[in-house]
Amino acid sequence: EDQVTQSPEALRLQEGESSSLNCSYTVSGLRGLFWYRQDPGKGPEFLFTLYSAGEEKEKERLKATLTKKESFLHITAPKPEDSATYLCAVQAYESGSRLTFGEGTQLTVNP
Amino acid sequence: EAQVTQNPRYLITVTGKKLTVTCSQNMNHEYMSWYRQDPGLGLRQIYYSMNVEVTDKGDVPEGYKVSRKEKRNFPLILESPSPNQTSLYFCASSLIGGAAGELFFGEGSRLTVL
């Protein structure tokens with residue numbers, strides 16, 4: 001059974017204070033790992049796809065990295081508008097199109 | 001504007017009263033899916049559809065039905081809702097099933113079953 005665990009559950013940062021969110025996963029044959037951002041009252045918004053260990057993707061202040069057991073979402077010099085819940089999901093080859101989501105990390109960036 | 005539209009956004013109903021949550025996408029996506037989001041359980045897939053007339057069960061399909069008669073629409077049907085189906089529901093789509101992780105989500109439908 002595919003499993004995704006995200007930590008911490010919640011994180012408070014000051015504006016400009018860089019940090020990382022963790023996504024640990026267990027899956028037999030990773031097809032892809034996905035990061036989403038979810039604002040309150042909204043649907044998740046796709047951020048990144050990572051396919052293989054060592055891969056990195058960047059978008060503005062966000063950088064996602066992948067190892068064989070976990071993924072990190074690094075946030076550099078965050079701003080209040082980066083406040084959101086960040087979700088991680090995995091897709092396994094044997095699961096077809098099915099995604100398994102983690103419960104997310106709720107990030108708050110204070111000005 | 002590319003979007004996934006769900007209706008209704010909010011609904012309070014009573015046990016046993018059949019309801020349908022509609023979902024429509026304007027991106028000509030082949031793949032569509034329904035999720036429910038509950039505190040402590042995260043997002044869980046209910047049903048998905050790889051293309052017209054092709055649907056399959058996700059992780060939590062009990063108590064739900066779906067149909068895919070047109071490419072753009074993927075309604076979620078609760079034939080006899082029960083209180084444990086109180087949840088926040090999301091419809092999502094992607095271009096093809098192989099890229100099913102790169103999903104466009106709707107704004108959500110918050111359902112309360114009394």
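Residues numbered from 1 in each chain as written. Chains lettered and ligands numbered in written order. Predicted model: local features only at pLDDT ≥ 70, side-chain atom pairs only at ≥ 80, totals over all residues. Heavy atoms only, no water.

## Things to note about the overall build of chain A
Right, on to step 1. Check the secondary structure of chain A and you find zero helices and eleven strands.
Right, on to step 2. When the helices and strands of chain A are placed in sequence order, the string is β-β-β-β-β-β-β-β-β-β-β.
Right, on to step 3. Whereas a compact globule of 111 residues would reach a radius of gyration of roughly 13 Å, chain A reaches 13 Å, a difference of no more than 12%.
Right, on to step 4. In terms of principal-axis extent, the alpha carbons of chain A reach across some 45 × 30 × 20 Å.
Right, on to step 5. Split into buried and exposed, the 111 residues of chain A put 48% on the buried side.
Right, on to step 6. Taking the contacts inside chain A whose residues are at least 6 apart along the sequence as the reference set, 56% of them involve residues at least 24 apart.
Right, on to step 7. As displayed, chain A offers around 5500 Å² of accessible surface, 45% of which is attributable to carbon and sulfur atoms.
Right, on to step 8. Charge separation in chain A, taken as the distance between the mean sites of 12 positive and 16 negative side-chain charges, equals 3 Å. (Helix = DSSP H or I, 4+ residues; strand = E, 2+ residues; numbered from the N terminus. Rg over C-alpha atoms; globule rule 2.2 N^0.38 Å. Buried < 20%, exposed > 50% of the residue type's maximum accessible area, 1.4 Å probe, protein only. Contact = heavy atoms within 4.5 Å. Areas by Shrake-Rupley, 256 points an atom, 1.4 Å probe, with all protein chains shown as cover. Lys, Arg positive; Asp, Glu negative; His and termini not counted. Charge placed at Lys NZ, Arg CZ, Asp CG, Glu CD.)

## A look at the side chain of N22 of chain A
Residue and element names in this part refer to chain A.
Right, on to step 1. Considering the arrangement of structural elements, one finds N22 in strand β3 (residues 19-26).
Right, on to step 2. In terms of polar contacts, N22 uses its side chain to reach the side chain of S24, at 3.0 Å.
Right, on to step 3. In contact with N22, not counting residues within four places along its chain, are T5, Q6, S7, W35, E70, S71 and F72. (Polar contact = N/O pair within 3.5 Å; in protein donor to acceptor, adjacent residues only side chain to side chain.)

## Thoughts on the interface of chain B and chain A
Right, on to step 1. The partner chain A presents 19 residues to the 24 residues of chain B that form the contact.
Right, on to step 2. When the area that chain B buries against chain A is broken down by residue, the three leading residues are L43, G101 and E102 of chain B, summing to 28%.
Right, on to step 3. Run the count over chain B and chain A and you get two salt bridges.
Right, on to step 4. Between R98 of chain A and D59 of chain B there is a salt bridge whose closest N-O contact spans 3.1 Å.
Right, on to step 5. Taken together, the connections running from chain B to chain A amount to five residue pairs in polar contact (both at pLDDT 80 or more).
Right, on to step 6. At the level of elements, β4 (31-38) and β5 (42-51) of chain B are the ones that each hand at least two residues to the side of chain B that touches chain A.
Right, on to step 7. Counting residues per element, the side of chain B that touches chain A draws most heavily on β5 of chain B, at five residues. (Buried area = accessible area lost by both parts, 1.4 Å probe. Salt bridge = Lys/Arg side-chain N within 4 Å of Asp/Glu carboxyl O.)

These values are about where atoms sit, not about what they do.
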